[in-house]
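Topology and contacts: notes
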Amino acid sequence: MANSQSGDSVVDRIVRLISAFPQDAGSLQLSELAERAGLPLTTTHRLVGQLAGHGLLDTAPGGMVRPGLRLWELVNRASPTLALRQAAMPFMEDIQQVLNQNVNLAVLDGRDVLFVERLSRRGSVANRAQVAGRMPLHVSSAGLALMAHQDKSVQAAYLEGFSDPGGTLTADDVRTLLAEASRQGYAQLKAVMDPDTWGIAVPVLNRRQHAVASLGVVVPLREMRLQALVPALQTAARGIARRLADS
C-alpha cells in the first residue's frame, strides 16, 4: 500500500476523509473537508473524485461534498448492529407509543457510547443523541448503563485513563455512578446534556450478564416516574436479549 510523504497510507487518508464529516452536517465545502481531514487540498480533490466515482461520496456545484448513498448502503448491509436494531425496533416502538418521547439504542465503542438507533416524535424534549453519533460515556445514562455491566477489568481500564475535559467529574465520581447503576440495574442522569431533560437507560444483557447494548429514554425533567419507566425499559431489554439469543 503506497504511503504519502507524511507516512500515512491511502487507506489512512480515505478513512480520515470520510471520518471528517461531522454528525450534524450533511455536506462540507471541499476546502473545509480538506482542513478537517488534515489533508492537502489537491490530495482531497483527487480522493474525493475517486470516491465519488464509486458512489461513496457525492459532489455538487460550488465545491460541496457529502457522503454518498453507496456508502450508506454498504455500511448498513454489513453492519454488526443490524441484528440488534431489528431485534430492538418493536420494543422501542412500544415504549415510544406509551411515552411519546425519545427512545434510543446504544452500544459501547471504546470510551464512547455509540447510538445505533433513535425514535423521536414532534413535541418530544431535546435529545442530543443522534444515530451514528457518539458521546463520552460518562455524560450519558446509556453509556453508564453499558459500562456498569462490563467485566471489572474493562471498567478498571476505563477508570484508569478517565479524564473529563469539563473538569466536573473525577474517576471516583464515575466509579460511584457505575456502582449505583450496577446495583440498581439502571442508570440515570438529570440535567446533564440539557437542563430540562432526564436520561434513563437499562442494559441489554447477554447470557454472561454483560451489556451488549443499552435501551434508554430522554424525558422532561419534571416527569419523575421511575417506578413506571424502569420496569417498562427492563421488560423491553429482556425481550431484545431473547430475540438476539434466538437469532
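Residues numbered from 1 in each chain as written. Predicted model: local features only at pLDDT ≥ 70, side-chain atom pairs only at ≥ 80, totals over all residues. Heavy atoms only, no water.

Digging into the sheet that holds strand E3 (residues 64-67)
So the rule is basically this: In this analysis, strands are considered paired if DSSP registers two or more bridges between them. Under the scheme used here, helices are H or I runs from DSSP no shorter than 4 residues and strands are E runs no shorter than 2 residues, and both carry numbers assigned from the N terminus. The contact criterion used is simple: two residues touch if any of their non-hydrogen atoms lie within 4.5 Å. Angles shown run from 0 to 180 degrees and are taken between the N-to-C directions of axes, each axis being a line fitted to C-alpha atoms and, for helices, limited to the stretch in contact.
Reading across the sheet, the three strands line up as E1-E3-E2 and stay open at both edges, with antiparallel pairing between neighbours. On the outer flanks of this sheet lie strand E1 (28-29) and strand E2 (57-60), each paired with one strand and no other. Judged from the four bridges that link them, E2 and E3 form a sheet pairing that is antiparallel. Following the sheet pairing, Ala 60 is matched in E3 by Met 64. On the sheet, helix H3 (residues 41-53) packs against E2 and E3 and is oriented at approximately 110° with respect to E2.

Remarks on the packing of aromatic side chains
Quick reminder of the rule: The criterion for an aromatic pair is that two Phe, Tyr or Trp rings (for Trp, the six-membered ring) have centres within 6.5 Å, with stacked assigned to planes under 30 degrees apart, edge-to-face to planes over 60 apart and tilted to the rest. Three exposure classes are used, based on accessible area relative to the maximum for each residue type with a 1.4 Å probe and protein chains only: buried under 20%, partly exposed in between, and exposed over 50%.
Counted according to the given criterion, the structure contains one aromatic pair. Pairing Tyr 158 with Phe 162 gives two aromatic rings, centres 5.9 Å apart and planes at 65°, and the pair type is edge-to-face. Relative accessible area serves as the criterion here: at 13%, Phe 162 is assigned to the buried category.

Structural notes on the side chain of His 210
Relative to the helices and strands, His 210 resides in the loop between strand E8 (197-205) and strand E9 (211-220). The class of His 210 is buried, set by a relative accessible area of 15%. Contact partners of His 210, with chain neighbours within four places excluded, come to His 149, Gln 150, Asp 151, Val 204 and Leu 205.

Some words on the nonpolar core
Rules: Here, nonpolar core refers to any group of buried Ala, Val, Leu, Ile, Met, Phe, Trp, Tyr and Cys residues whose side-chain atoms link them within 4.5 Å.
Formed by 28 residues in total, the largest nonpolar core has its most connected members in Ile 95, Ile 200, Leu 215 and Val 217. Counting only elements with at least two residues in this core, the list comes to helix H5 (82-99), strand E4 (102-109), strand E5 (112-119), E8, E9 and helix H9 (226-246). Residue contributions to this core peak at seven residues, all from H9. Sequence-distant contacts of Ile 200, defined by excluding residues within four places in its chain, comprise Ser 141, Tyr 186, Ala 187, Gln 188, Leu 215, Gly 216, Val 217, Val 219, Leu 226, Leu 229, Val 230 and Leu 233. Among the nonpolar cores identified, the runner-up in size contains 23 residues, and Leu 159, Val 174, Leu 178 and Ala 201 belong to it.

Comments concerning unusual backbone geometry
Phi angles above zero are rare outside glycine, and Gln 209 is one such case at about 65°. Along the chain, Gln 209 turns up in the loop between E8 and E9.

Concerning the confidence of the model for the protein chain
As a reminder, the rule being used: Across the chain, each position has a pLDDT score giving the predictor's confidence in that residue, from 0 to 100.
Across the protein chain, the average pLDDT comes to 86, with 92% of residues at 70 or higher. Across the protein chain, the element-wise mean pLDDT spans from 78 in helix H4 (residues 69-77) up to 95 in helix H6 (residues 141-147).

Observations concerning the sheet that holds E5
Read from one edge of the open sheet, six strands run E6-E5-E4-E9-E8-E7, paired in antiparallel fashion. Only two strands of the sheet have a single partner each, and these edge strands are strand E6 (134-136) and strand E7 (187-190). Taken over all neighbouring pairs, the strand axes of this sheet differ in orientation by 30° on average, direction set aside. The sheet contact formed by E4 and E5 spans seven bridges and is antiparallel. Its bridge partner being in E5, Ala 106 is matched across the sheet by Phe 115. H9 rests against E7, E8 and E9 of the sheet, and its axis sits at about 35° to E8.

As for helix H2 (residues 30-37)
Our working definition: In this description, the arc belongs to the directions extending from the helix axis to the C-beta atoms.
Considered for burial, the residues of H2 that qualify are Leu 30, Leu 33, Ala 34 and Ala 37. Down the axis, H2 shows its buried residues gathered within 100° of arc, on one side only. Here the buried face of H2 lies against helix H1 (10-19), E1, H3 and E3. Phi turns positive, to about 70°, at Gly 38, one or two residues after H2.

Observations regarding the pattern of salt bridges
Any two side chains of opposite charge can pair if their charged atoms end up close together. We apply this condition: Salt bridge, as used here: a side-chain nitrogen of Lys or Arg that lies within 4 Å of a carboxyl oxygen of Asp or Glu.
This structure, assessed with the given rule, holds five salt bridges. Note that Arg 66 is salt-bridged to Asp 58, the shortest N-O span being 3.8 Å. You can call Asp 58 partly exposed: its relative accessible area is 27%. Of the charged contacts in the structure, one is a salt bridge between Arg 175 and Asp 172, with a shortest N-O distance of 2.5 Å. Residue Arg 175 and its partner Asp 172 are located together in helix H8 (residues 171-184), separated by three residues, close to a single helical turn. Within this structure, Asp 109, Asp 112 and Arg 134 form a network of salt bridges that share partners.

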